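Analysis of the macromolecular model
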Amino acid sequence: MANRGVNKVILLGRLGADPDIRYLPNNGGKVVAVRLATSEVWKDAKNAKQERTEWHRVVFFKKLADTAGDLLKKGSKIYVEGTLRTQQWDKNGEKRYRTEVVVHELQLLDRPTAPASVNGSSSNPASEDADWDDEYADMPLN
């Protein structure tokens, strides 16, 4: 395994907004992007509770995109496994970058029944919000 690396991401969190559904050009299929919040809680030296929230751009393709687009909503609690991918593009001569998680497995965690896992699943809403960068609206979706 010396010649290979590992690119694996596991996240469990809540969606900060409804999914952004787009379509690739030339019938390339559906792409669904969500922003996922994960939180870390700890006590500081004065025993006061501290919390930090991290926001992740998470994308779904193919059948998972259909599942995510149909079942996810703002506040949905989900578990995802995937890989990191960084995209680069130019905007007005300036290089832009974005790192996202490309999902390979999705589990919806806030269904009334037991959560299903089928490289796609099911869901319900809850809460949380933050600003989402619209700067990337001009970025190609390939």
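My aim in this report is to walk through the structure given alongside it, one point at a time.

Parameters and conventions
- Residues numbered from 1 in each chain as written.
- Predicted model: local features only at pLDDT ≥ 70, side-chain atom pairs only at ≥ 80, totals over all residues.
- Heavy atoms only, no water.
- Helix = DSSP H or I, 4+ residues; strand = E, 2+ residues; numbered from the N terminus.
- Buried < 20%, exposed > 50% of the residue type's maximum accessible area, 1.4 Å probe, protein only.
- Contact = heavy atoms within 4.5 Å.
- Areas by Shrake-Rupley, 256 points an atom, 1.4 Å probe, with all protein chains shown as cover.
- Salt bridge = Lys/Arg side-chain N within 4 Å of Asp/Glu carboxyl O.

Description of the overall build of the chain
The secondary structure content of the chain amounts to one helix and six strands. Traced from its N-terminal end to its C-terminal end, the chain shows the element sequence β-β-β-β-α-β-β. Looking at the 142 residues of the chain, the share that counts as buried comes to 37%. Long-range pairs, those at least 24 residues apart, make up 59% of the contacts in the chain between residues at least 6 apart in sequence. With an accessible surface of roughly 9000 Å², the chain has 46% of that area assigned to carbon and sulfur atoms.

Quick word on the pattern of salt bridges
This structure, assessed with the given rule, holds eight salt bridges. In this structure, D110 and R14 form a salt bridge, with 3.4 Å as the shortest nitrogen-oxygen distance. Of this pair, D110 sits in the segment after β6 (94-108) while R14 sits in strand β1 (residues 9-15), and the two are 96 residues apart along the sequence. Using a relative accessible area of 18% as the deciding quantity, one classes D110 as buried. Among the residues examined, R14 registers a relative accessible area of 25% and is labelled partly exposed.

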